[in-house]
2 protein chains.
Amino acid sequence: MKVKSYAAYSPTSLLEPYEFERREAKADDVVIQIHFCGICHSDIHTARGDWGPVNHPCVPGHEIVGQVIGVGKKVKKFKVGDQVGVGCMVDSCGKCENCKANEEQYCTKGAVYTYQSNEYDGKSYTKGGYATHIVVKDKFVLKVKKGLPLDRVAPLLCAGITTYSPLKRYGVKKGSKVGVIGLGGLGHMAIKLAKAMGAEVTVFSTSPDKEADAKKLGAKNFIFTKEPKNFRALAKKLDLIIDTASAAHDYAPYLNTLKIGGTHVLIGVPATPTEFRGGPLIQGRRVLTGTLIGGIKETQKMLDFCAEKKIFADIELIKAKQINEAYDRTVKGDVKYRFVIDAKTF
Amino acid sequence: MKVKSYAAYSPTSLLEPYEFERREAKADDVVIQIHFCGICHSDIHTARGDWGPVNHPCVPGHEIVGQVIGVGKKVKKFKVGDQVGVGCMVDSCGKCENCKANEEQYCTKGAVYTYQSNEYDGKSYTKGGYATHIVVKDKFVLKVKKGLPLDRVAPLLCAGITTYSPLKRYGVKKGSKVGVIGLGGLGHMAIKLAKAMGAEVTVFSTSPDKEADAKKLGAKNFIFTKEPKNFRALAKKLDLIIDTASAAHDYAPYLNTLKIGGTHVLIGVPATPTEFRGGPLIQGRRVLTGTLIGGIKETQKMLDFCAEKKIFADIELIKAKQINEAYDRTVKGDVKYRFVIDAKTF
C-alpha cells in the first residue's frame, strides 16, 4: 500500500514529504493506520548519521500508536478496529536464548528495529512511524486500552519502556530511593514511573530552573549538579539511579550517593567517553550497568501499568511540517517533554 | 606484650626490624602467636604512601595465620592451642546495617583494618602481621582446620576471600564460564577457586609466557590480550569476569565477551583512570561492579571450602630480612604467586 511519510533524503537535509510502498500484509501481519508518533532523540541521531551511515530516504519514528485496519489470515490476537502500539522493534529471530527469554532487543541474530534496520527478507530496510500507515508482524504489536489519550501514550513505546524496565528489574517499590539524572523525555517518564511504584525520587540536573518542574512531576528532592557540595547530604542514600544524561559526565559523585550494592543504570549514550575510576564500585560493591528498551512482553506490561496508574507523557503535539523545527528544539532540550506528530498531517 | 616486627619508618625507607608493645588482652581478645604472614600488594602501596600519607612506623600484613596463646575471659569460641587466621579487618561498629548483614568491610562507621587504621579507642592505630604476635577481638579471628599447610593458607585471608566472594555472589557453579584478568596473587586464587566451583576458566593476560602456568593452575583457555582479534571468538560467551589487573585498561573488549546480563567485577585498583564508554553495558545489559574483600562469616566459609577442596596459594616462603627484596619483586610481578614470611625470622 502507498503511504505518505516524512523522510530525510540525506544526513544533512531537512525532513520532507515522501511517498513509498508498505509491503502487503503477510499471514502474520497487522496493518495499522497511525494516529500519533513521538519524536525520540534517537530519530534525530539516526536521520543525521550521528551514529554512522544510514540508508536514505530515512523515515524515523518508533513511538507509534494507531488503529488496526487489516490483519493477515493467521492473526488471532488483533482485529480491525483495535487500538495498538508499535515500539522500537518489529522482528527478531525468535529462536535464540534471548528471544526465548522475552528479551528480543538482545536477539543474538539481531533484532529488526522499527526503522533503518535490515529486514530478515535480506532485501529491504525498515521505515518507521513518521507515516500514515505501518505493517508489522503481530508478535511485535502491542495492545493499547480504550479511553486513553493516545497522543500521550505514544512516547511510552520508547521513553516509557526504557525507564520502566530497569525500575522493575532492580525492584523499585514503596520506600525505594531512586535518583534520576537529567530531566528530558526519558527523565520525566522515569520520575512518573518511579513515583507510581512508590519510590522517593531525587532529580539530578545541570539546570537549576528545572527544580519546580521536577517537583511537579513527582520528585521529592532536586540536586543542582554543578555544585559538588550538593551531593554530600545524599552519600550512601539511594538504591537506584536512572541515568538519562546524554552529555559525558563523571559517574563517581553519583555512584557515591548509592547505598552498598546500589545500582546506576545508563540509558543515555554520551557521544564522548568519560574518565572512569573503579574506586566507588569497589568501596561500595556498587553496580554500573545499562539497559536497552525492553522486551515485547514487558512493553505490554508497562502499557497496562501506565493505563492503570494513568501515567502518560507530557507532550507538545505538532503537525508534520513542524518536524524540522521540533528536531532543533529537541537538540536544544527545549521541549516539555516529548514532541508527538499528529499523523493526519502527513 | 613486647613483639618483634618489621616496619617502614618512612614512605621512602626500607622495612627494618622494629619492636613495639601490643595491647594487653581485653575480655573479648585473642592473643595469637603468628606463624606466617603473606605479602599483599596493598602492603607495599600503604607502606610507600602510594594511597596517601600514613602513620609511621608502619607494620603491614593482613594475611595472618598462627596459634592462640591466650584468650580474654569472655572468649568462648577459641582456646589456647587453636589454629587461627586474621585477615584484613580487626574491628567494626557491629551495629550498622552492613555489620548486621555480615558485611563488616562496608561498616558505615568504618571498619578497622588490620594495619594503618584508627582503632575505636580513638588513640592508637593498628599494626599488622609482619610480627611475632597480634591481639585481635574474637569476632575477627577465623578458625583454621588442623592438618593444612599453614604457610599456603595465609594468603587465603586476603587474596582468597577477595576472589571467593564475587565468585559466590554471582553464582558460579558447574558449567559457568569465568574469565580472570591478570595472573598474579589474586588471579591465581581466582582460577583455583572458580575451577573448584565447577567453572570453565579463561585467563586474560598481557604476558603470552603465562599460558602454560595458567593451564597448570586449572584454566581451560588463555587469551593474549595485546592482540585485539584474540577476543573475537569469546564474544558473548562468559558469565563472569574477575578483573585483578592493577594497570589501567579499557573495559570494552572484556565486557563484550560477556553474555547478556553478565558481570565484570573489579578487584584491582588502577592508579590512573581509564576512558570509558557505556555502549557495551547498554547493548548487553552488562554489569560493571567491584568488590572489597568479604565479611568475616564469608571468610570462614571460604577457609572451610578451601580446606575441603584442598585449595591453597602457591607461595615462595621467605625470611623477614628478605621482605624488601620481595617487595621489589612483587612490584615487578616476579613471584609465583605470593611471598609469605616465616614469622620465626622476625
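Q: Looking at this structure, how should I read the packing of aromatic side chains?
A: Working definition: an aromatic ring pair is given by the centre-to-centre distance plus the angle between the planes. Going through the model one piece at a time under the given rule, you end up with 19 aromatic pairs over all chains. Measuring from ring centre to ring centre gives 5.1 Å for phenylalanine 231 of chain A and tyrosine 254 of chain A, while their planes differ by 80°; the resulting arrangement is edge-to-face. In this pair, phenylalanine 231 of chain A is assigned in the loop between β12 (221–224) and β13 (238–243) and tyrosine 254 of chain A in helix α7 (residues 252–255), connecting sequence segments 23 residues apart. Look at phenylalanine 231 of chain A and you get buried, because its relative accessible area is 10%. Consider the rings of tyrosine 251 of chain A and phenylalanine 276 of chain B, whose centres lie 6.0 Å apart with planes at 85°: the pair is edge-to-face. With tyrosine 251 of chain A in the loop between β13 and α7 and phenylalanine 276 of chain B in strand β15 (residues 274–276), this pair bridges two chains. Note on accessibility: tyrosine 251 of chain A and phenylalanine 276 of chain B belong to one class, buried.

Q: Explain the relation of the copies chain B and chain A here, please?
A: Between the two chain copies there is a screw-like relation: a rotation about an axis and a shift along it. The two copies are related by a screw motion: chain B maps onto chain A through a turn of 180° and a shift of 0.0 Å along the axis, at an RMSD of 0.0 Å. What we have between these two chains is a two-fold relation. Most of the interface of chain B is mirrored in chain A, where 100% of its interface residues again form contacts.

Q: It is not clear to me how the pattern of salt bridges should be interpreted in this structure. Could you clarify?
A: Opposite charge on two side chains allows them to pair when their charged atoms are near. Considering all chains together, one arrives at 44 salt bridges over all chains under this definition. Here arginine 329 of chain A makes a salt bridge to aspartate 334 of chain A, at a shortest N to O gap of 2.9 Å. The class for aspartate 334 of chain A is partly exposed, based on a relative accessible area of 38%. We note a salt bridge from lysine 220 of chain B to glutamate 200 of chain B, for which the minimum N-O separation is 3.8 Å.

Q: I'm lost on unusual backbone geometry in this one. Help?
A: Among all residues save glycine, negative phi is the norm, and among peptide bonds the norm is trans. Of note, the amide linkage connecting histidine 56 of chain A to proline 57 of chain A takes the cis form, showing an omega dihedral of 0°. Of note, the amide linkage connecting lysine 336 of chain A to tyrosine 337 of chain A takes the cis form, showing an omega dihedral of -15°. Turning to its location among the elements, tyrosine 337 of chain A is positioned in the loop between α10 (323–331) and β18 (338–342). Backbone geometry at glutamine 116 of chain B places phi at a positive 60°, although glycine is not the residue there.

Q: How should the interface of chain B and chain A be read in this particular structure?
A: It is common to give the size of an interface as the accessible area that goes away when the parts come together. At the interface, 30 residues of chain B touch 30 residues of chain A. Per-residue buried area on chain B facing chain A is highest for Phe276, Ile282 and Arg285 of chain B; these three make up 26% of the total on that side. Across the chain B-chain A interface, the total number found is 2 salt bridges. Measuring nitrogen to oxygen at the nearest pair gives 2.7 Å for the salt bridge that ties glutamate 103 of chain A to arginine 285 of chain B. At the surface where chain B touches chain A, the tally comes to 7 residue pairs in polar contact (both at pLDDT 80 or more). Secondary structure elements with two or more residues in the side of chain B that touches chain A: β14 (258–266), β15, α8 (279–284) and β16 (287–290) of chain B. Class assignment for the residues of the side of chain B that touches chain A results in 14 nonpolar, 10 polar and 6 charged. Across 3 bridges, strand β16 (residues 287–290) of chain A lies against β16 of chain B in antiparallel orientation.

Q: I'm lost on helix α5 (residues 185–196) of chain A in this one. Help?
A: Note on helix geometry: an α-helix contains 3.6 residues per turn, so any two residues three or four positions apart are oriented the same way. Residues and elements named next belong to chain A. With 12 residues, α5 should reach 16 Å at 1.5 Å per residue; the first-to-last C-alpha distance of 17 Å fits that figure. For α5, a buried count of 10 out of 12 residues is recorded, marking the element as mostly surrounded by other parts of the structure. All of the buried residues along α5 are Gly185, Leu186, Gly187, His188, Met189, Ala190, Ile191, Lys192, Leu193 and Ala194. Positive backbone phi, approximately 105°, marks glycine 198, located one or two places after α5.

Q: What exactly am I supposed to notice about helix α9 (residues 296–309) of chain A here?
A: Residues and elements named next belong to chain A. Taking 1.5 Å per residue, 14 residues should reach 20 Å; α9 reaches 20 Å between its end C-alpha atoms and fits that length. Of the positions making up α9, those classed as buried are Ile296, Thr299, Gln300, Met302, Leu303, Phe305, Cys306 and Ala307. In the core, the buried residues of α9 are packed alongside β6 (89–91), β9 (142–143), α3 (150–153), α4 (159–169) and α5. Backbone geometry just downstream of α9 places lysine 310 in the positive-phi region, at approximately 55°.

Criteria and cut-off values
- Residues numbered from 1 in each chain as written.
- Chains lettered and ligands numbered in written order.
- Predicted model: local features only at pLDDT ≥ 70, side-chain atom pairs only at ≥ 80, totals over all residues.
- Heavy atoms only, no water.
- Phe/Tyr/Trp six-rings, centres within 6.5 Å; stacked < 30°, edge-to-face > 60°.
- Helix = DSSP H or I, 4+ residues; strand = E, 2+ residues; numbered from the N terminus.
- Buried < 20%, exposed > 50% of the residue type's maximum accessible area, 1.4 Å probe, protein only.
- Least-squares fit on C-alpha atoms with pLDDT ≥ 70 in both.
- Contact = heavy atoms within 4.5 Å.
- Salt bridge = Lys/Arg side-chain N within 4 Å of Asp/Glu carboxyl O.
- Buried area = accessible area lost by both parts, 1.4 Å probe.
- Polar contact = N/O pair within 3.5 Å; in protein donor to acceptor, adjacent residues only side chain to side chain.
- Nonpolar A, V, L, I, M, F, W, Y, C, P; charged D, E, K, R; others polar.
- Pairing = 2+ DSSP bridges.
- Expected span 1.5 Å × (residues − 1).

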